[in-house]
Amino acid sequence: MFTKAKNLETAFRHVRSFTLLVIIGCIGFCCFAIYKSYQLVDETQDKVYILASGKVLDAYASERKENIPVEARDHVATFHRFFFTLDPDDKVIQSNLVKALYLADGSAKAQYENLKESGFYSSIISGNISQQISVDTVEVETDDYPYRFHCVASQRIIRSTSIVTRRLVTEGFLRTVSRSDNNPHGFLIERWTTLENKDINVQNR
């Protein structure tokens, strides 16, 4: 009689332990499923789908501070390409310069006015001269605001009789502004100055 009662008590203890383990396992599985669900929601909120030419592309959102060096370098390079890429066509010159001046403050406009008054753009058109630029390096210091930049580029001035290669070095500062179609990076170049602009090679044609 006592043996039977002892066996029942042991069996009940085993069933209770097993039930407790099952309950703990279920709670653990539910917590894990909830955690993974929240993680998946966070990942999908950072993802944007873009439809381009009939193809779906993934784009990921990120904090701007993570992209500041990349965007700043591209902003500076874009400005220099627009400002220094010239062809013997008044419409092309004006189009590029208008785009460039949206990316910088009055320091760039002052340089443009000086070049215009000196007859630089007129000589480009009358001499059938093309000017191309290749940005070699852009260094941006993001430790202090506004961000200081240093740009080194190569210019090719193509004339009917020669091709002149020049080394161009400029520097300035970047401050953040609202993004727009004319200024997609949301930076404005300030206190832009030319440190060096000298011929390094002349090739006869």
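Details of the structure are given in the entry above.
What you see as residue numbers is a count from 1 along each chain, following the sequence as written. Totals for whole chains, interfaces and linings use all residues, but because this is a predicted model, local features are given only for residues with pLDDT of at least 70 and pairs of side-chain atoms are given and counted only at 80 or more. Side-chain calculation: all heavy atoms of the structure are included, whereas hydrogens and water are not.

A. How the structure looks around the side chain of serine 162. Helix and strand definitions here come from DSSP, where helices need a minimum of 4 consecutive H or I residues and strands a minimum of 2 consecutive E residues; each element is numbered from the N-terminal end. The topology assignment puts serine 162 in strand E5 (residues 162-176). For serine 162, the residues in contact, after removing those within four places along its chain, are Ile157, Val202, Gln203, Asn204 and Arg205. Here a residue-residue contact requires only that any non-hydrogen atoms of the pair lie within 4.5 Å.

B. A look at the packing of aromatic side chains. Pairs were defined over the aromatic rings of Phe, Tyr and Trp, the Trp ring being its six-membered one, requiring ring centres within 6.5 Å. Orientation was assigned from the angle between planes: stacked under 30 degrees, edge-to-face over 60, tilted for the rest. As enumerated under the stated definition, the model contains nine aromatic pairs in all. Seen in terms of ring centroids, tyrosine 147 and phenylalanine 187 are 6.5 Å apart; in terms of plane orientation they differ by 75°. Their pairing is edge-to-face. You can see tyrosine 147 sitting in strand E4 (residues 147-158) and its partner phenylalanine 187 sitting in strand E6 (residues 187-204), a full 40 residues away along the chain. Exposure class is identical for tyrosine 147 and phenylalanine 187. Each is buried. Chaining the aromatic ring pairs together yields one cluster made of Phe79, Phe83, Phe84 and Trp192. Should the NZ of a Lys or the CZ of an Arg lie within 6 Å of a ring centre and within 35 degrees of the ring normal, that charge is described as sitting over the ring. Taking the ring centre of phenylalanine 173 as reference, the NZ or CZ of arginine 191 above it sits at 4.0 Å. Partly exposed describes any residue whose relative accessible area lies between the buried limit of under 20% and the exposed limit of over 50%, with all areas from a 1.4 Å probe on protein chains only and scaled to the type maximum.

C. Region of interest: the nonpolar core. Grouped together as the largest cluster of nonpolar side chains are 31 residues, with contacts concentrated most on Phe79, Phe83, Tyr121, Phe149, Leu174, Ile189 and Trp192. At the level of secondary structure, the elements contributing two or more residues to this core comprise helix H2 (64-84), helix H3 (90-101), helix H4 (106-117), helix H5 (120-126), strand E3 (130-141), E4, E5 and E6. Among the elements that take part in this core, H2 stands out by supplying six residues, more than any other. The contacts of tryptophan 192, once residues within four sequence positions are left out, are Phe79, His80, Phe83, Phe84, Ser107, Ala108, Gln111, Phe149, Thr170, Glu171 and Gly172. In plain words, nonpolar cores are sets of buried Ala, Val, Leu, Ile, Met, Phe, Trp, Tyr and Cys residues tied together by side-chain atoms within 4.5 Å.

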